[in-house]
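# Per-entry structural report
Residue-level listing of the chains:
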Amino acid sequence: MMSIRQRREIRATEVSEDFPAQEENVKLENKLPSGCTSRRLWKILSLTIGGTIALCIGLLTSVYLATLHENDLWFSNIKEVEREISFRTECGLYYSYYKQMLQAPTLVQGFHGLIYDNKTESMKTINLLQRMNIYQEVFLSILYRVLPIQKYLEPVYFYIYTLFGLQAIYVTALYITSWLLSGTWLSGLLAAFWYVTNRIDTTRVEFTIPLRENWALPFFAIQIAAITYFLRPNLQPLSERLTLLAIFISTFLFSLTWQFNQFMMLMQALVLFTLDSLDMLPAVKATWLYGIQITSLLLVCILQFFNSMILGSLLISFNLSVFVARKLQKNLKTGSFLNRLGKLLLHLFMVLCLTLFLNNIIKKILNLKSDEHIFKFLKAKFGLGATRDFDANLYLCEEAFGLLPFNTFGRLSDTLLFYAYVFVLSITVTAAFVVAFHNLSDSTSQQSVGKMEKGTVNLKPETAYNLIHTILFGFLALSTMRMKYLWTSHMCVFASFGLCSPEIWELLLKSVHLYNPKRICIMRYSVPILILLYLCYKFWPGMMDELSELREFYDPDTVELMNWINSNTPRKAVFAGSMQLLAGVKLCTGRTLTNHPHYEDSSLRERTRAVYQIYAKRAPEEVHALLRSFGTDYVILEDSICYERRHHRGCRLRDLLDIANGHMMDGPGENDPDLKPADHPRFCEEIKRNLPPYVAHFTRVFQNKTFHVYKLSRNK
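Nothing here was measured: the structure is a model prediction, and the numbers come from that model.

The helix and strand tally for the chain stands at 33 helices and 5 strands. A compact globule built from 716 residues would reach a C-alpha radius of gyration of about 27 Å, and the chain, at 28 Å, matches this within 12%. Based on the C-alpha atoms only, the size of the chain along its principal axes is roughly 95 × 65 × 55 Å. In the chain, 72% of the contacts between residues at least 6 apart in sequence involve partners at least 24 apart. Here the chain has roughly 32,000 Å² of accessible surface; of this, 63% comes from carbon and sulfur atoms. For the chain, the distance from the average position of its 73 positive side-chain charges to the average position of its 60 negative side-chain charges is 5 Å.

Structure, rendered in structure tokens:
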């Protein structure tokens with residue numbers, strides 16, 4: 001079980017809280033000696049201090065997360081097979097391709113093995129570079145081969161250190177975004193502190209290292225920071241071009257590293273569409289961003305050997321529809337309030353219809369079914385479709401795809417993040433409504449976006465973008481818990497920006513008739529400093545205790561299973577079982593699989609449903625025939641699935657299979673009236689009795705407290 005061991009103390013680097021200043025603060029500038037030289041020196045000093053703190057806080061966060069991972073598993077001391085088993089479910093599958101590339105005699109052979117893979121899905125040859133987002137594993141394996149580090153760093157450490165290094169980039173990007181919005185690096189420091197103190201809700205990298213989102217989210221954060229800067233008015237042409245390049249590169253890398261990129265960027269496109277429609281964003285800049293999204297996706301599509309799921313994405317259809325609708329409605333932003341509102345509703349309806357039309361046409365041409373399980377899940381989740389679909393219910397019954405738990409807000413409130421976020425959100429939403437109403441009412445105004453007459457409410461384009469961004473991703477997180485990491489990290493940025501923003505405090509103080517430039521200066525610096533002191537006082541001891549709490553990886557049953565497979569089965573043997581376990585089988589043993597956790601393929605989903613009949617009420621000869629149709633030599637049964645208690649009745653895997661097969665579920669409780677009793681007992685239970693019908697097709701060859709392995713007979 002878990003063991004405690006002593007470890008050397010980790011020295012924490014204290015971050016200075018001096019110089020809480022920024023270039024836009026008029027009062028501080030008035031205290032400086034007059035002249036451009038003094039202001040320039042002050043600006044350079046502020047940038048130097050802020051930039052240094054950004055790098056330091058990013059590196060410290062990376063070291064902190066890496067230390068937690070080491071402390072939790074004793075990763076440096078466990079065996080290689082235990083390290084690999086610690087990469088659970090799909091994480092192990094992705095890491096196996098990194099390992100496969102390193103074990104290949106040459107890079108050419110490694111690439112050939114990925115493009116013509118016949119071990120991930122038995123009796124099929126698939127192109128892994130087309131099917132999965134694993135270019136990052138390919139790139140890392142090439143780097144490890146080329147760099148002279150083999151003698152000093154094991155492959156697994158090169159891999160995990162790269163991921164933890166990306167976390168440093170992630171936190172730095174969040175810091176910079178908050179700094180850009182507020183004008184002071186103090187808000188970036190507060191955003192980083194909130195990210196770390198809310199670690200449970202902002203990241204899961206320390207226990208799901210190879211997960212695609214851990215590769216993608218740092219690039220997503222860079223993209224948001226670049227967009228925030230790009231939306232500033234009056235940028236120099238060179239700065240604008242360089243920022244567009246940064247947006248393109250980060251968008252491309254984000255798209256390349258995560259299969260769900262299109263859905264996240266669709267949310268961004270909706271943000272741009274909303275702001276453009278309400279005249280809160282320059283139309284030209286929105287067009288550039290739409291184009292970058294499409295270009296990035298098409299480039300990824302080419303690299304993924306024309307992956308049809310990308311071509312059939314809603315994002316491409318939506319962005320093209322926006323361009324077409326713009327051409328058809330050239331006078332969208334003229335007329336009275338009611339006239340513009342009517343045009344806006346018509347524009348929205350036109351874009352929606354064009355999007356659905358284009359998307360359906362593309363999917364019919366490509367015969368695309370790869371993403372249909374996602375839409376089935378969404379229909380079932382919101383009560384718009386049948387709930388007996390096995391794939392939809394498989395997602396619905398997982399906690400990660402359920403609603404965001406209410407206790408999340410309790411944890412976020414403990415750090416004051418949620419209170420600050422609601423405070424800033426309420427003020428900016430009110431300002432956005434005022435600005436939007438003004439823009440729709442003033443048909444003759446051609447002034448620059450985000451700027452209004454003196455004395456009226458002002459909302460900068462970059463602030464408006466981050467406001468709608470946080471709202472849409474907030475709704476996404478509330479509906480699907482797994483997506484909360486996209487929201488909570490941006491929540492840190494948005495809340496810290498608001499507390500340090502002179503515009504936010506100006507709006508608040510004016511509304512209560514307490515406006516004074518000196519009060520704004522006091523509030524925007526004193527409030528975040530007090531919160532930083534509170535966070536240090538309350539959470540520093542707990543973080544130190546967490547760093548001193550030492551555990552050890554312990555999973556002897558799985559280790560025993562992997563060692564037995566390596567020692568007692570042919571290299572070309574085909575294994576069937578649960579998706580999660582088979583990913584580990586491939587990584588630890590290199591054996592061929594019948595199915596795996598990368599669920600974005602319709603034929604794989606059908607195959608998985610067939611393999612999972614080992615947990616349904618089916619005759620032994622039927623199960624044998626299904627498994628042999630995929631070339632299965634061995635099947636692994638797990639007691640944790642056969643006798644599952646983690647989920648409630650109706651959500652256990654065996655229940656989902658029973659419902660999909662039209663059978664009544666086990667145990668006390670109601671069944672739908674059209675469900676019928678099964679003709680056969682549950683296969684995974686009955687096979688253990690060694691009755692003749694089962695022994696004729698299956699021979700038990702391995703058993704421990706968790707797993708039972710059966711060899712399939714070759715007879716028909």
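Resuming the write-up.
Our focus in this paragraph is the sheet that holds strand S2 (residues 592–593). One open sheet accounts for 5 strands, arranged S2-S1-S3-S5-S4; its pairing is mixed. In this open sheet, the two strands that pair with only one neighbour each are S2 and strand S4 (698–703). As paired elements, strand S1 (residues 574–576) and S2 share 2 bridges and run parallel to each other. Across the sheet, residue Val574 finds its bridge partner in S2, namely Thr592.

Further remarks concern the packing of helix H5 (residues 107–115) against helix H7 (residues 135–146). Where H5 contacts H7, the two axes come as close as 12 Å, and the packing angle between them is 165°. Looking at the two axes, H5 sits roughly antiparallel to H7. In the packing of H5 onto H7, the handedness of the crossing is right-handed. Residues Leu107, Phe111 and Leu114 of H5 lie in contact with H7, whose contacting residues are Val138, Ile142 and Arg145. When its residues are assigned to classes, the contact of H5 with H7 shows 5 nonpolar, no polar and 1 charged.

Geometrically, a packed helix pair is captured by the angle between its two axes and the distance between the axes. Direction vectors running N to C along helix H21 (residues 417–441) and helix H22 (residues 461–479) enclose 120°, while the axes themselves pass 11 Å from each other. In terms of orientation, H21 and H22 fall into the oblique class. Pair H21 / H22 crosses with left-handed handedness. Of the residues in H22, those in contact with Tyr421, Leu425, Thr428, Val429 and Ala432 of H21 are Leu467, Thr470 and Ile471.

The terminal C-alpha atoms of helix H16 (residues 314–328), which comprises 15 residues, lie 21 Å apart, in line with the 21 Å expected from a rise of 1.5 Å per residue. Those residues of H16 lying buried are Leu314, Leu315, Ile316, Ser317, Phe318, Asn319, Ser321, Val322 and Ala325. Looking at the buried residues of H16, the elements they touch are helix H13 (261–277), helix H14 (283–303), helix H15 (308–311), helix H17 (337–366) and helix H18 (372–381).

Taken as a whole, this structure holds 35 aromatic pairs when the rule is applied. Each ring, one from Phe87 and one from Tyr95, has its centre 4.8 Å from the other, and the planes form 45°; the classification is tilted. Judged by its relative accessible area of 4%, Phe87 falls in the buried class. For the ring pair Phe390 and Tyr612, a centre distance of 6.4 Å and an interplane angle of 80° mean the geometry is edge-to-face. One end of the pair, Phe390, is in helix H19 (residues 390–396); the other, Tyr612, is in the loop between helix H28 (602–611) and helix H29 (620–628), and 222 residues separate them in sequence.

The grouping of Leu238, Leu242, Leu245 and Ile249 at the surface amounts to a nonpolar patch, some 380 Å² of accessible area in total. Position of Ile249 relative to the elements: it lies in helix H12 (residues 237–257).

Cut-offs and rules
- Residues numbered from 1 in each chain as written.
- Predicted model: local features only at pLDDT ≥ 70, side-chain atom pairs only at ≥ 80, totals over all residues.
- Heavy atoms only, no water.
- Helix = DSSP H or I, 4+ residues; strand = E, 2+ residues; numbered from the N terminus.
- Rg over C-alpha atoms; globule rule 2.2 N^0.38 Å.
- Contact = heavy atoms within 4.5 Å.
- Areas by Shrake-Rupley, 256 points an atom, 1.4 Å probe, with all protein chains shown as cover.
- Lys, Arg positive; Asp, Glu negative; His and termini not counted.
- Charge placed at Lys NZ, Arg CZ, Asp CG, Glu CD.
- Pairing = 2+ DSSP bridges.
- Axes fitted to C-alpha atoms, helices over the stretch in contact; angles between N-to-C directions.
- Parallel < 35°, antiparallel > 145°, perpendicular 65-115°, else oblique.
- Left-handed = near helix turned anticlockwise from the far one by under 90°.
- Nonpolar A, V, L, I, M, F, W, Y, C, P; charged D, E, K, R; others polar.
- Expected span 1.5 Å × (residues − 1).
- Buried < 20%, exposed > 50% of the residue type's maximum accessible area, 1.4 Å probe, protein only.
- Phe/Tyr/Trp six-rings, centres within 6.5 Å; stacked < 30°, edge-to-face > 60°.
- Patch = residues over 30% accessible without salt bridge, like charges linked within 9 Å, V, L, I, M, F, W, Y side chains within 5 Å.
- Salt bridge = Lys/Arg side-chain N within 4 Å of Asp/Glu carboxyl O.

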